[in-house]
Amino acid sequence: MSHRTWLITGVSSGFGRELSTQLLARGDSVVGTVRDPAKITDLLEGYPATFRAEILDVTNTAAVQEMVGRVFARLGRIDVVISNAGYGLFGAA
Ligand SMILES: NC(=O)c1ccc[n+]([C@@H]2O[C@H](COP(=O)([O-])OP(=O)(O)OC[C@H]3O[C@@H](n4cnc5c(N)ncnc54)[C@H](OP(=O)(O)O)[C@@H]3O)[C@@H](O)[C@H]2O)c1
């Protein structure tokens, strides 16, 4: 399979981090969004050529639009977008 470029929100933990780690390990490129880049120093140092971090709070709609436009302009392509950032609320009703 050819290499793909992924845009994944919320790569500091959980599904986003695990997915990013596996994609980078197989040779794909990942743009991952975080609120705190200190949480992903391992990805930044481990994959300097294929991993790039963008600082983003996904509740800021204008910032989301600006970031997507900037990433697309720089890379020329985004093959897959994973809107992962967020959290679940669980409780009995
Ligand atoms: N785990 C489950 O069983 C389950 C089930 C169904 C759906 N989901 C959904 O799958 C997604 C990931 O779940 P997870 O278990 O991997 O969660 P997680 O480990 O808590 O990771 C959530 C990620 O989202 C980021 N995030 C949260 N709010 C954000 C915001 N306002 N702006 C930017 N980033 C934000 C967090 O960044 P910070 O480090 O900055 O907080 C973190 O990187 C969530 O959308 C969740 O609702 C999970």
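Throughout what follows, the structure given in this document is the object of discussion. Because the structure is predicted, anything quoted here is derived from the model rather than measured.

## Here's the deal with the side chain of Glu54
Working step 1: Along the chain, Glu54 falls in strand β3 (residues 51–55).
Working step 2: Within polar-contact distance, the side chain of Glu54 engages the side chain of Arg70 at 2.7 Å.
Working step 3: If near-sequence neighbours (up to four positions away) are discounted, Glu54 is found in contact with Val31, Gly32, Thr33, Val34, Met67, Arg70, Val71 and Arg74.

## Overview of the site of the ligand
Working step 1: In the vicinity of the ligand there are 17 residues, among which Ser12, Phe15, Arg35, Lys39 and Asn84 approach most closely.
Working step 2: With respect to the ligand, the backbone of Phe15 contributes an N or O atom lying 2.7 Å from an oxygen atom.
Working step 3: Within the contact set of the ligand, a nitrogen atom lies 3.0 Å away from a side-chain nitrogen or oxygen of Asp57.
Working step 4: Along the lines of polarity and charge, the residues of the shell around the ligand split into six nonpolar, eight polar and three charged.

## Quick look at the environment of Val64
Working step 1: With respect to the helices and strands, Val64 occurs in helix α3 (residues 61–75).
Working step 2: The exposure class assigned to Val64 is partly exposed, which follows from its relative accessible area of 24%.
Working step 3: Each C-alpha atom of the pair Val64 and Ile8 lies 12 Å from the other, and the pair is 56 residues apart in sequence.

## Brief notes about the nonpolar core
Working step 1: Of all hydrophobic cores here, the largest spans 10 residues; its members are Trp6, Ile8, Val11, Leu23, Leu24, Val30, Val34, Ile40, Leu43 and Phe51.
Working step 2: For this core, the elements supplying multiple residues, two or more each, are β1 (5–9), α1 (14–25) and β2 (29–34).
Working step 3: In this structure Leu43 touches Val11, Arg17, Ser20, Thr21, Leu24 and Phe51, once residues within four positions along its chain are discounted.
Working step 4: Counting residues in hydrophobic clusters, the runner-up holds six residues, among them Leu7, Leu56, Val71 and Ile78.

## Digging into the pairing of β1
Working step 1: Across the five residues of β1, five count as buried, placing the element largely inside the fold.
Working step 2: Side chains Thr5, Leu7 and Thr9 of β1 all project onto a buried face; the interleaved residues Trp6 and Ile8 project onto the opposite face, where all are buried too.
Working step 3: Regarding the hand of the β-α-β motif, the stretch spanning β1, α1 and β2 is right-handed.
Working step 4: Where β1 lies against strand β4 (residues 80–82), three bridges are found, and the strand directions are parallel. Across the sheet, residue Trp6 finds its bridge partner in β4, namely Val80.

Calculation notes
- Residues numbered from 1 in each chain as written.
- Predicted model: local features only at pLDDT ≥ 70, side-chain atom pairs only at ≥ 80, totals over all residues.
- Heavy atoms only, no water.
- Helix = DSSP H or I, 4+ residues; strand = E, 2+ residues; numbered from the N terminus.
- Polar contact = N/O pair within 3.5 Å; in protein donor to acceptor, adjacent residues only side chain to side chain.
- Contact = heavy atoms within 4.5 Å.
- Near = heavy atom within 4 Å.
- Nonpolar A, V, L, I, M, F, W, Y, C, P; charged D, E, K, R; others polar.
- Buried < 20%, exposed > 50% of the residue type's maximum accessible area, 1.4 Å probe, protein only.
- Core = buried A, V, L, I, M, F, W, Y, C linked by side-chain atoms within 4.5 Å.
- Right-handed = clockwise from strand over helix to strand, strands pointing away.
- Pairing = 2+ DSSP bridges.

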